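So the chains spell out like this:
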Amino acid sequence: MNPGLFRHRITFQKYNESAVNENGFPLEESQRWQDVKTVWAMIKTLRGREYYEAATTQNENTVRFVVRYTVGITPDMRIQYKGRTFEILSVINDDERNVTMTIVAKEVM
């Protein structure tokens, strides 16, 4: 594994349905996402057949994030990267070796 390829900083966020402000009132919908973990990632865009298959099913920007293996990352989370938001579609433990994970996500427009 070349650590120099992991040069993008991403943050995983989880939705907290019961989040309240300091007065006990529920937060707005957009403020209920709370940061869980910030990691270094390698970003890979889809190419060739992968790109065309993704383009036929949806008109969103689909991206693969490769991160070091981390316990607790689930598809009900989302990713923040440079002010952009990505919805996680799948989380794959590469070769079941607990070394890296590939996360397929689509950009929320």
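Residues numbered from 1 in each chain as written. Predicted model: local features only at pLDDT ≥ 70, side-chain atom pairs only at ≥ 80, totals over all residues. Heavy atoms only, no water.

A.B. asks: Hey, could you run me through the overall build of the protein in this one?
C.D. replies: What the protein contains, in helices and strands, is one helix and six strands. Its helices and strands in sequence order give the protein the pattern β-β-α-β-β-β-β, from N to C terminus. Considering only intrachain contacts with a sequence separation of at least 6, the fraction spanning at least 24 residues in the protein is 54%. A total accessible area of about 7,400 Å² is found for the protein, and carbon and sulfur atoms account for 47% of it. (Helix = DSSP H or I, 4+ residues; strand = E, 2+ residues; numbered from the N terminus. Contact = heavy atoms within 4.5 Å. Areas by Shrake-Rupley, 256 points an atom, 1.4 Å probe, with all protein chains shown as cover.)

A.B. asks: Explanation requested: the nonpolar core in the structure shown.
C.D. replies: A general trend in soluble globular proteins is that nonpolar side chains are found buried together. Membership of the largest hydrophobic core comes to 16 residues, with the highest contact counts inside it found for Ile10, Phe12, Phe65, Val67, Ile79, Phe86 and Ile103. Put simply, the parts of the chain that give this core at least two residues each are strand S1 (8–15), strand S2 (33–45), strand S3 (62–68), strand S4 (78–81), strand S5 (84–93) and strand S6 (100–107). Once you skip the residues sitting within four places of it in the chain, phenylalanine 86 turns out to touch Val63, Phe65, Arg78, Ile79, Tyr81, Ala105, Lys106, Glu107 and Val108. (Core = buried A, V, L, I, M, F, W, Y, C linked by side-chain atoms within 4.5 Å. Buried < 20%, exposed > 50% of the residue type's maximum accessible area, 1.4 Å probe, protein only.)

A.B. asks: Is there a simple way to think about the environment of serine 18 in this case?
C.D. replies: Mapped onto the fold, serine 18 is located in the loop between S1 and S2. Put simply, serine 18 and arginine 32 are 14 residues apart on the chain and 8.1 Å apart in space, counted from C-alpha to C-alpha.

A.B. asks: What is the right way to read the packing of aromatic side chains from this model?
C.D. replies: Two descriptors summarise a pair of aromatic rings, namely the distance from one centre to the other and the angle between the planes of the rings. Under the defined criterion, the tally for this structure stands at two aromatic pairs. Measuring from centroid to centroid gives 5.3 Å for tyrosine 15 and tryptophan 33, while their planes differ by 65°, and the two rings are edge-to-face. Placement of the pair is tyrosine 15 in strand S1 and tryptophan 33 in strand S2, with a sequence separation of 18 residues. By relative accessible area, tyrosine 15 is classed as partly exposed at 27%. Pairing phenylalanine 65 with phenylalanine 86 gives two aromatic rings, centres 5.2 Å apart and planes at 80°, and the pair type is edge-to-face. Residue phenylalanine 65 is found in strand S3, and its partner phenylalanine 86 is found in strand S5; the two are separated by 21 residues along the sequence. For the pair phenylalanine 65 and phenylalanine 86, one class covers both residues: buried. Seen from the ring of phenylalanine 6, arginine 68 lies directly overhead, with NZ or CZ sitting 5.8 Å from the centre. (Phe/Tyr/Trp six-rings, centres within 6.5 Å; stacked < 30°, edge-to-face > 60°. Lys NZ or Arg CZ within 6 Å of the ring centre and 35° of its normal.)

A.B. asks: Looking at this structure, how should I read the sheet that holds S5?
C.D. replies: Whenever strands of a sheet pair, they do so through backbone hydrogen bonds, lying parallel or antiparallel. Here six strands make up a closed barrel; going around it, the order is S1-S2-S3-S6-S5-S4 and the pairing antiparallel. On average, adjacent strands in this sheet sit at an angle of 45° to one another, irrespective of strand direction. As judged from the seven bridges shared by S5 and S6, these two strands associate in the antiparallel manner. Bridge assignment links isoleucine 92 to a residue of S6, and that residue is threonine 102. (Pairing = 2+ DSSP bridges. Axes fitted to C-alpha atoms, helices over the stretch in contact; angles between N-to-C directions.)

A.B. asks: Which parts of the structure should I look at to understand the environment of valine 108?
C.D. replies: Inspection of the secondary structure puts valine 108 in the segment after S6. Separated by 21 residues in the primary sequence, valine 108 and glutamate 87 have C-alpha atoms spaced 6.4 Å apart. For valine 108, the residues in contact, after removing those within four places along its chain, are Thr85, Phe86 and Glu87.

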